[in-house]
Amino acid sequence: MSETETAELEQFRSETRAWLEANCPPEMRKPATSDADVFWGGRSAKFSSEPQRIWFERMRDKGWTVPDWPREYGGGGLSAAEHKVLRSEMARIGARPPLSSFGIWMLGPALLKYGNEAQKKEHLPKIAAGLIRWCQGYSEPNAGSDLASLQTRAESDGDDFVITGSKIWTSYANYADWIFCLVRTDPTAKKHDGISFILFDMTSKGVTTKPILLISGYSPFCETFFDGVRVPKSHVVGTVNRGWDVAKYLLQHERAMISGMGERGVGRPLGQIAADSVGTDAQGKLDDAMLRGQIAKFDVDEAALAACAERAVDLAKAGQAHPAFSSAMKFYGTELNKRRYEILMSAGGVDALEWESERSKQGARPRAWLRTKANSIEGGTSEVMLGIVAKRILDLPGA
Amino acid sequence: MALVLTEEQSMLRDSARGLISDKAPVSHLRSLRDSKDPTGFSKELWQSFAEMGFAGLLVPEEFGGSGLGYMEAGVVMEEIGRTLMPSPFLATSVVAASALNRGGNAAQKSEFLPRIASGSLLATLAIDEGAKHRPLQTALQAVRAGNGFKLSGAKALVVDGHVADLVIVAARTSGSAGEREGLTLFLVNPKAKGVSIERTIMVDAHNAARIELANVEVNADGVLGEVDQGADLLDGVLDIGRGAIAAEMVGLSDEVFNRTVEYLKNRKQFGKLIGEFQALQHRAAELYVDIEITRAATMKALQALDADVGKAASAVAVAKARAGTTATRAVQEGVQMHGGMGMTDQFDIGFFMKRARVCEELFGDANYHTEQLARARGY
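Thresholds, definitions, all that
Residues numbered from 1 in each chain as written. Chains lettered and ligands numbered in written order. Predicted model: local features only at pLDDT ≥ 70, side-chain atom pairs only at ≥ 80, totals over all residues. Heavy atoms only, no water. UniProt positions renumbered as here; feature names shortened; annotations may be inferred. Phe/Tyr/Trp six-rings, centres within 6.5 Å; stacked < 30°, edge-to-face > 60°. Buried < 20%, exposed > 50% of the residue type's maximum accessible area, 1.4 Å probe, protein only. Helix = DSSP H or I, 4+ residues; strand = E, 2+ residues; numbered from the N terminus. Axes fitted to C-alpha atoms, helices over the stretch in contact; angles between N-to-C directions. Parallel < 35°, antiparallel > 145°, perpendicular 65-115°, else oblique. Contact = heavy atoms within 4.5 Å. Nonpolar A, V, L, I, M, F, W, Y, C, P; charged D, E, K, R; others polar.

The name given to chain B in an unreviewed UniProt entry is Acyl-CoA dehydrogenase family protein, with the source organism recorded as Bradyrhizobium campsiandrae. Quoted verbatim from the Sequence similarities (unreviewed entry) field of the UniProt record, the comment on chain B reads "Belongs to the acyl-CoA dehydrogenase family." In its Cofactor (unreviewed entry) section, the UniProt entry covering chain B states "FAD".

Per an unreviewed UniProt entry, the recorded name for chain A is Acyl-CoA dehydrogenase family protein, and the organism is Bradyrhizobium campsiandrae. Its UniProt record gives chain A a comment under Sequence similarities (unreviewed entry), which states: "Belongs to the acyl-CoA dehydrogenase family."

Colleague: What am I meant to see in the packing of aromatic side chains here?
Modeller: By convention here, two paired aromatic rings are described through the distance between centres and the angle between planes. Applying the stated criterion across every chain, the model contains 25 aromatic pairs over all chains. Ring centres of Y172 of chain A and Y175 of chain A lie 6.2 Å apart, and the angle between their planes is 35°; on these two criteria the pair is classed as tilted. Its relative accessible area of 47% is what places Y175 of chain A among the partly exposed residues. Here the aromatic rings of F149 of chain B and F186 of chain B are separated by 5.1 Å at their centres, their planes lie at 65°, and the arrangement is edge-to-face. Remark: F186 of chain B occurs in strand β5 (residues 183-188) and F149 of chain B occurs in strand β3 (residues 148-158); sequence separation between them is 37 residues. F186 of chain B gets classed as buried once you look at its relative accessible area, which sits at 0%.

Colleague: Please explain the packing of helix α11 (residues 382-393) of chain A against helix α8 (residues 278-307) of chain B as it appears in this structure.
Modeller: Any two packed helices are characterised by how steeply their axes cross, that is the angle between the axes, and by the distance between the axes. Contact pair α11 of chain A / α8 of chain B: the axes reach a minimum separation of 8 Å and the direction vectors enclose 85°. Relative to α8 of chain B, the element α11 of chain A lies roughly perpendicular. Residues E383, L386, G387, V389, A390 and I393 of chain A of α11 of chain A form the contact with α8 of chain B, whose participating residues are Q281, H282, A285, E286 and Y288 of chain B. Across the contact of α11 of chain A with α8 of chain B, the residue classes tally to six nonpolar, three polar and two charged.

Colleague: What am I meant to see in the UniProt feature "domain: Acyl-CoA dehydrogenase/oxidase C-terminal" (unreviewed entry) in chain B here?
Modeller: Following the UniProt record, the feature "domain: Acyl-CoA dehydrogenase/oxidase C-terminal" (unreviewed entry) maps to residues 229-376 of chain B here. Secondary structure across residues 229-376 of chain B comprises 78% helix and 3% strand; the distance between its end C-alpha atoms is 21 Å.

This is the structure in structure tokens:
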């Protein structure tokens, strides 16, 4: 990096720091503790607090809900280096993301790469402004790890496809406005070759959703049914029957997103949380030597993973990233997050078992613990991730 | 700062790799071991290291060195780790050079640093006394005598101790074992009266020694840094050494891993390449991830050292702890997946296992550094 570039970046850092200081409400500088703390946008979106609204609107107006997207699509137009600076400055004050959205994490990157100009102009600005909430129609009852065996049919009828079938584990489908969906457009082709990636409105005739009650007692996922849903062919992203390319590219982003879901580096250290319930000895050490050791090993691994996540971004920027690296990160990040919650449950002891009390905020911890068990399943299981690393990175035979 | 090598660092890596893979493949270590070489490394190769600017890599330019940083030292260490090359680089060019550069006065620097850079002086740090690395437990006594001090006590695992021209000894000038106050570093001439040195050939066939001091006189010029206030200097120097060893362990782990994956692609059993078995694929993939996070943690630690040695302790603890865990796993999987071949001396893989074990102990093992992180985080 040249001296001028370094100076410009430092200038950007100090401006960003000042702007965040002036514009990020204090309430938005604490980790989100419940789903109500997360703003997802969409047609029926409601802000859970005034600071949440202010923070979202200020960031949106700067294009910083999607800082690295081009300005013409509602983004902030930041370079990778500037984006890294913004992230580190937000992390410095513990600022929450102003908008959470599958449109940002998953569909957006896929549209930027595979979408045509009309699709980008239509959808990206609405994602950036939080106007449309998206859901993902990938898995089916008989197509989980073996996603490419999906059976939802899209039959050609003039300018439209007519879609029939069902999806499962559709996150927040009951709140979503639109869906990006994998459908089979050629049932005679080999399984990877007859799939298309298509977008449609969830209010279309023939779409129904049914929430699935999970072990956490929550229903973040749905079953989604399509009964002759009519969708214009212009809503296919990329080439008809080449949807698997789009699907895989999007999965890389999904895996990167999931690997980062653990609350790395925010909030209080695990060891201090544990001290609340376990207690400490005269020197301030946790009064449970084995648990303390587990936490310390966790902290080592978490810090190492954080460095690796940072390096993954830097490698991508330098053009040295392996496209399957997100699978490696997804594997490690999700297994680590499960470990985190096993430790939290152990540290909490009896207190962490209460399910419905006021004291436990309606069982926030055990519900979150149970939720993490999905981390190593959703977006590709840990076993699938290891298979991808073995095949695509290590080039092992027959994997 | 990006966690990728710069163009200059990549060039440094390529030139180090070129020299080391050409002149010091694993067979080089094997022949030094088998011939019971009295020096324990190749002096000729060390001279090449000096000519390429590696011996004085961390020595400031005004003292004839290259004036590079810890990241660059790590780049060289990683290449050393790949072939297990026995070299004074760690003890002399990283640890001792850092101690002199950070703690030395003008006279000490100009006496020793140029000779380190030219490859003509070998130096080392003598720290450990017990079986495990516990720097604050230092008990080797230094009592005032006339213009200087008299040192008495014993040190172990002194890297290159039997060939060093200068031994930097951590001693206790006041207080008692366990306390931060009262530690002092001394520059000791190994030929001085009262110094006895026993070369201890280690499991990894690398150099180490036990050193005993019996009323060894060191005058006031031989004090490195402040009397009684050596703990901060020592912490910094040890962290630099730890970062460098972590980098060596990354190179070692990566090399063992590459060799093992190659074996999985070539060895046939049950009519299949064994790399087709999912049981082995998943273990290999997990190890790959371990190595990648360890590499990143190590780069992070080296960058933190370059930014401010005094603030790098936690990043270094993470790197050395992770490097220990990962290298241990890499060499064990390496031997296991090579099957019976991995157990033979004829095959190189065992050399990696032995070196990993020594690297793990050097300057604190994974348990030690995990404990340090817990303390730093206040639980």
